[in-house]
Amino acid sequence: MSEIAEHWIDGEWTGSGTVSESVNPATGAVLGRWADGGEAEARAAIAAARRAFDTSPWSRDRSLRHRALNEMADRFDARAEELGTLVTKENGKKIAEGMLEGGSPGPTLRHTAAQALTEAGISAEVAPGQWFSTYAEPVGVVGIIVPWNSPVALLIRSLAPALSAGNTVAVKMPGQTALVANLVSQIIAEVTSLPRGVVNIFTESGNTGAPYLVASPDVQVISYTGSTTVGRLVAAGGAATLKRMNLELGGKTPMIVFDDADLDTAVPLLAAGITTFAGEFCMTGSRILVQRGVADQVRAHLAGILENVRVGDGLDPETDMGPLIDKADVTRVDGLVQAALAYAKPVVRGGPATDGALAAGAFYRPALLEVEDVTTDLVQKEVFGPVATFEVFDTETDAISRANATEYGLAAGIFTSSINISRRVSREIQAGTIWTNTWAAINDGFAEGGYKQSGIGRLRGPLAITDFQEAKTVVHAIPPFQGLTRCRGVKVRRRLSRTAGGLRSSLSPAPAKPRANRRGRPR
């Protein structure tokens, strides 16, 4: 391999005419250099995936897919620590979060490997001699567009079900985490049971390769994770070819705290919901809704935690929250907070952290702003940073109304001691995942995805594979079975004899039962 991190296309390492640098967002130091791709690499990736789909046994061999996905899981497990450390360096997550991501591929891949063997269709004789069967087939080539905030976990979340269904893939990885993309490609390249061209990965910082994936008639499905704004553009771009879309988009997760909640449990989780991954997470708990009876207590406790969050290099085990992805993002987030101060009360102002060694990095201290009007921008728009609103409600109905007041519906959290409140409110909230007395709990056996403008389709769980399949119905008209018949009153039976061409059916008289004489003895 070259010292420059390259693309993995059609079973080979390939470079690009443009070479870019990867920067550590905590220190500003250059981590390495990488081949910066675009449309040419997208074309090559699609062509390789199409050849593999048409010529390899991948699409029809369930056992091969099961074996390859399990081998891939083992390969990722073997390099999980290396992967987690690189995620921390290049993405900015604190080391515990990086290790969580580095260790995430194995379980997801093994779960979907099992689906390769167990997924089945349906069959029924709907009328005498008329059989209907419906079964699933892979769609063909899947284009996967991966974001930088959790590049490993969010790649595997789409890649695993796409491969389990029998598809081949062309993956666009983000330039902000290009070295992580290259390490992921190295791990996948080590999977000996994976046919050449089934997985193809290129990385770009621009915006020519991804649009080509979306527009290409040779790509049947796009799986995109990212903002709602870009998700709409992706859906529009794929409309010309009626491309199937799997979209996991933005969120404004309401965290609803009722008067009867266990605040010792709830408030630390509220703080974690704001600061985990530095708030660069689609399920960030960015709206804190608190019932009036405990609002003062929650406000004071939460403010105390946020004001004492230690920002720093993710490799430092004492760090509570790492940097944003780059300094441009710090400027963007702070601009949104500054604009909100025209109508919101700062409980914790937060802002850029530029003291001492932090000045070299993209650090932002968490912010909490109290608002009343749910139509304001800070409530309605996804910030994608460690910023949350604080909103007070009086009744259960008020809480539900506020929770549903945005165009997003990815997730929500409820904190209460009452199962009745939990069930009633969960039923009314328009969101794909709802937690009670916890946050960010995800399991590969259960669906993940959004309502409203938070996406289309589901990932994880038994539904994930369906976005990457076609359903085919086959009908057979079968003549009635003629295994036993009568010929001129003589009962005969069908006899099979072996011939050079296979088995041949013939008829022969059935042996007659011996007739007994008067003494009961056979004649």
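Residues numbered from 1 in each chain as written. Predicted model: local features only at pLDDT ≥ 70, side-chain atom pairs only at ≥ 80, totals over all residues. Heavy atoms only, no water.

Notes on the layout of surface pockets
Next, step 1: One number sums up the size of the largest pocket: a volume of about 1000 Å³.
Next, step 2: In terms of lining, the largest pocket is formed by 42 residues, of which the most central are W148, Y224, G226, S227 and V230.
Next, step 3: The dominant element in the lining of the largest pocket, judged by the number of residues it contributes, is helix α9 (residues 228-239), at 7 residues.
Next, step 4: Here the lining of the largest pocket is composed, by residue class, of 19 nonpolar, 13 polar and 10 charged.
Next, step 5: Considered as a void within the structure, the second largest pocket measures approximately 550 Å³ in volume.
Next, step 6: Along its surface, the second largest pocket is lined by 27 residues, and L100, S104, A153, I442 and R460 are the ones closest to its centre.
Next, step 7: Every element with two or more residues in the lining of the second largest pocket is listed here: α4 (95-102), α5 (105-118) and α6 (151-164).
Next, step 8: Take the lining of the second largest pocket: its biggest share by element is 4 residues, from α6. (1 Å grid on protein atoms, 1.4 Å probe; cavity = no way out; pocket = protein on both sides within 12 Å on 5 of 7 lines; lining within 4 Å. Points joined across faces, edges and corners; volume = space filled by probe spheres on them. Helix = DSSP H or I, 4+ residues; strand = E, 2+ residues; numbered from the N terminus. Nonpolar A, V, L, I, M, F, W, Y, C, P; charged D, E, K, R; others polar.)

Side note on the sheet that holds strand β18 (residues 387-393)
Next, step 1: An order of β14-β17-β18-β13-β12-β20-β21 is seen for the 7 strands of this open sheet, with the pairing classed as mixed. Single-partner strands in this sheet number two, and they are β14 (345-348) and β21 (433-436). When the angles between neighbouring strand axes are averaged without regard to direction, this sheet yields 25 degrees.
Next, step 2: Two elements, strand β12 (residues 254-257) and strand β20 (residues 411-415), share 3 bridges in a ladder whose sense is parallel. Directly across from M255, in β20, lies its bridge partner G413.
Next, step 3: The strands touched by helix α14 (residues 396-403) are β12, β13 (287-291) and β18; relative to β18, the strand with the most contacts, the crossing angle is about 150 degrees. (Pairing = 2+ DSSP bridges. Axes fitted to C-alpha atoms, helices over the stretch in contact; angles between N-to-C directions. Contact = heavy atoms within 4.5 Å.)

Quick word on the side chain of E90
Next, step 1: In this structure, E90 sits in helix α3 (residues 80-91).
Next, step 2: In contact with E90, other than residues within four places in its own chain, are S22, V23, P25, L31, Q176, T177, A178, L179, V180 and I325.

A word on the environment of H476
Next, step 1: Within the fold, H476 resides in strand β24 (residues 469-477).
Next, step 2: Assessed through its relative accessible area of 44%, H476 is described here as partly exposed.
Next, step 3: Residues H476 and W131, 345 residues apart in the sequence, show an inter-C-alpha distance of 5.1 Å. (Buried < 20%, exposed > 50% of the residue type's maximum accessible area, 1.4 Å probe, protein only.)

Topic: the confidence of the model for the protein chain
Next, step 1: Residues with a pLDDT of 70 or more make up 92% of the protein chain, whose mean pLDDT is 94.
Next, step 2: Of the regions scoring below 50 in pLDDT, residues 492-508 engages in 29 contacts with residues more than four places distant in sequence or in other chains. (pLDDT = per-residue confidence, 0-100.)

Let's talk about the side chain of Q469
Next, step 1: Note that Q469 resides in strand β24.
Next, step 2: Q469 sits in the buried class, given a relative accessible area of 10%.
Next, step 3: Aside from chain neighbours lying at most four places away, what touches Q469 is E119, A136, E137, V139, A165 and R244.

What about the packing of α3 against α4?
Next, step 1: Their axes nearest at 7 Å, the elements α3 and α4 cross at an angle of 130 degrees. Relative to α4, the element α3 is oriented oblique. Like other packed secondary-structure pairs, α3 and α4 cross with a definite hand, here right-handed. Together, A80, E81, L83, G84, T85, V87 and T88 of α3 and I95, G98, M99, E101 and G102 of α4 make up the contact between the two elements.
Next, step 2: When grouped by side-chain class, the residues that make up the contact of α3 with α4 number 5 nonpolar, 5 polar and 2 charged. (Parallel < 35°, antiparallel > 145°, perpendicular 65-115°, else oblique. Left-handed = near helix turned anticlockwise from the far one by under 90°.)

Digging into α14
Next, step 1: Every buried residue of α14 is listed here: A399, I400, R402 and A403. Down the axis of α14, the buried side of the element spans an arc of 165 degrees, and every buried residue falls inside it.
Next, step 2: Buried residues in α14 make contact with β12, β13, β18 and α15 (419-428). (Arc of directions from axis to C-beta.)

Here's the deal with a nonpolar patch on the surface
Next, step 1: Nonpolar side chains collect at one region of the surface, where V126, F132 and V475 lie side by side and expose about 240 Å² of accessible area between them.
Next, step 2: Structurally, the position occupied by F132 is in strand β6 (residues 130-138).
Next, step 3: With relative accessibility at 33%, the residue F132 sits in the partly exposed group. (Patch = residues over 30% accessible without salt bridge, like charges linked within 9 Å, V, L, I, M, F, W, Y side chains within 5 Å. Areas by Shrake-Rupley, 256 points an atom, 1.4 Å probe, with all protein chains shown as cover. Salt bridge = Lys/Arg side-chain N within 4 Å of Asp/Glu carboxyl O.)

As for the pattern of salt bridges
Next, step 1: In total, this model carries 31 salt bridges according to the counting rule given.
Next, step 2: With a shortest N-O distance of 2.8 Å, D296 and R299 are connected by a salt bridge. Taken together, the positions of D296 and R299, both in helix α11 (residues 292-307) and 3 residues apart, correspond to about one turn of that helix.
Next, step 3: D296 gets classed as exposed once you look at its relative accessible area, which sits at 58%.
Next, step 4: If you follow the salt bridges from partner to partner, you end up with R157, E248, D444, E448 and R460 in one network.

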